[in-house]
Amino acid sequence: MHLVVCIIQAIQALVVALLLAFLPSGCDWPVNLYNYGTDYVIFDTSYDMCWILPCFPAISAVAEFVQALWSKKYGGFSRVDGLNSGIQGVRWIESMFSSGLMLWMIATLSGMSDVINLIQMQMFNVVIQLCGWHIESEFTISDVNSSDVRRLTWLTWCLHVVIWIPIFVHFGFAVHEVNIPTVVNAIAPVMFVMFSLFGILQLIWVNKHIDKEMCEMGYVILSFVAKTTLLWMIFGGARRDL
């Protein structure tokens, strides 16, 4: 399954990159930095946000290829035999970068343009991914239903919610101030649900309602669906309407 997802993601990244090369993107978006407490603008510029689109499926394709090779060696979706080599970190490192890019685009489309806020959001996301990696490693090695692991899982999920608070605040102001296309309106709520499902899946696994192989399969499917949905919502819908 890793190899199948790798091929599809690579094709998507290539197709979108080629389309962007030959079609006008229409995705110039502001990013700025103000001196705190004043109206003084340190810098205020714009960039073509659509060129971020092929990046996260391309990153995913590389990670899925590495995991496909590892799965072939150890069999199935389980990575327990390879924990000591650190191969379980491939997905978490990939997730740090790809989810960070996705969050950047979602926040920007929701009206967040201050570069400090965007960077802080990225740092929170890195902490969440590192916590998820630690939870998975500790729980897989000890294989006990530790209350500490469960508490850390809940804390990580709460941090995930904290990331989305400023996104929805900016989104709420933007909805009232400008006429936003329907597709753009749907991006933040839809992606919040999909991002939340990753934490819910880990909670289900930590509480031993599913095994490791089923949890890993769920991660692969959720990751593919979330990336593909955001990719084509922006390229096929929001990009056209912005």
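Everything here concerns the structure above.
All chains use their own residue numbering, which begins from 1 and follows the written sequence. Local features in a predicted model are, by the rule used here, given only for residues with pLDDT of at least 70; side-chain atom pairs are given and counted only at 80 or more, and totals for whole chains, interfaces and linings are based on all residues. Side-chain numbers come from the whole structure's heavy atoms, not from hydrogens or water.

Caption draft 1: Representation of the side chain of Ser 99 in the model. We count a stretch as a helix when DSSP gives it H or I for four or more residues in a row; a strand needs E for two or more, and each element gets its number in order from the N terminus. Relative to the helices and strands, Ser 99 is located in helix H3 (residues 89-109). We call two residues in contact whenever any of their non-hydrogen atoms come within 4.5 Å of each other. When neighbours within four sequence positions are excluded, Ser 99 is seen to be in contact with Asn 125, Gln 129 and Phe 195.

Caption draft 2: Geometry of empty space enclosed by the protein. A cavity, in this analysis, means grid points on a 1 Å lattice covering only the protein atoms where a 1.4 Å probe fits yet has no way out; a pocket is instead an open set bounded by protein on both sides within 12 Å along at least five of seven lines, and a residue lines either one if it has an atom within 4 Å of a point. Grid points are joined across faces, edges and corners, and a volume is the space filled by probe spheres set on the points. Taken as a whole and judged by the stated rule, the model has 3 cavities of 30 Å³ or more. Roughly 450 Å³ of volume is contained in the largest cavity. Around the largest cavity, the lining is made up of 26 residues, and of these Trp 92, Ser 95, Gln 129, Phe 195 and Phe 198 lie nearest the centre. Of the residues forming the lining of the largest cavity, the biggest block, 8 residues, is contributed by H3.

Caption draft 3: Just the pattern of salt bridges, in detail. Salt bridges are defined by distance alone: a side-chain nitrogen of Lys or Arg within 4 Å of a carboxyl oxygen of Asp or Glu. All chains considered together, the criterion is met by 3 salt bridges. Between Arg 91 and Glu 216 there is a salt bridge whose closest N-O contact spans 3.4 Å. Here Arg 91, found in helix H3, pairs with Glu 216, found in helix H7 (residues 212-241); they are 125 residues apart in sequence, far enough to count as distant. Of the two residues examined, Arg 91 and Glu 216, each falls in the buried class. A salt bridge links Lys 227 to Glu 94, with the nearest nitrogen and oxygen atoms 3.3 Å apart. Linking Lys 227 in helix H7 with Glu 94 in helix H3, this pair joins segments that are 133 residues apart in sequence. Grouping residues by exposure puts Lys 227 and Glu 94 together as buried. Through salt bridges that share partners, Arg 91, Glu 136 and Glu 216 make up one connected network. In this scheme, a residue with accessible area under 20% of its type's maximum is buried, one over 50% is exposed, and one in between is partly exposed, where area comes from a 1.4 Å probe on protein chains only.

Caption draft 4: Up close: the packing of aromatic side chains. Geometry of aromatic contacts follows a simple scheme: Phe, Tyr and Trp rings, the Trp one being its six-membered ring, pair when their centres are within 6.5 Å, and the pair is stacked under 30 degrees between planes, edge-to-face over 60, tilted otherwise. Applying the stated criterion across every chain yields a total of 8 aromatic pairs. Taking the centre distance of 6.4 Å and the plane angle of 85 degrees together, the rings of Phe 168 and Phe 171 count as edge-to-face. Placement of both Phe 168 and Phe 171 in helix H5 (residues 147-177) is noted, with a separation of 3 residues, approximately one turn of the helix. Consider the rings of Trp 232 and Phe 235, whose centres lie 5.7 Å apart with planes at 90 degrees: the pair is edge-to-face. Here Trp 232 and its partner Phe 235 are both found in helix H7, 3 residues apart, which amounts to about one turn of the helix. Each residue in the set Trp 164, Phe 168, Phe 171, Phe 192 and Phe 195 is aromatic and connected to the rest through ring pairs, giving one cluster. The ring of Trp 92 is capped by Arg 91, whose NZ or CZ atom sits 4.8 Å from the centre of that ring. Lysine and arginine charges are scored as sitting over a ring when NZ or CZ, respectively, is within 6 Å of the ring centre and within 35 degrees of the ring normal.

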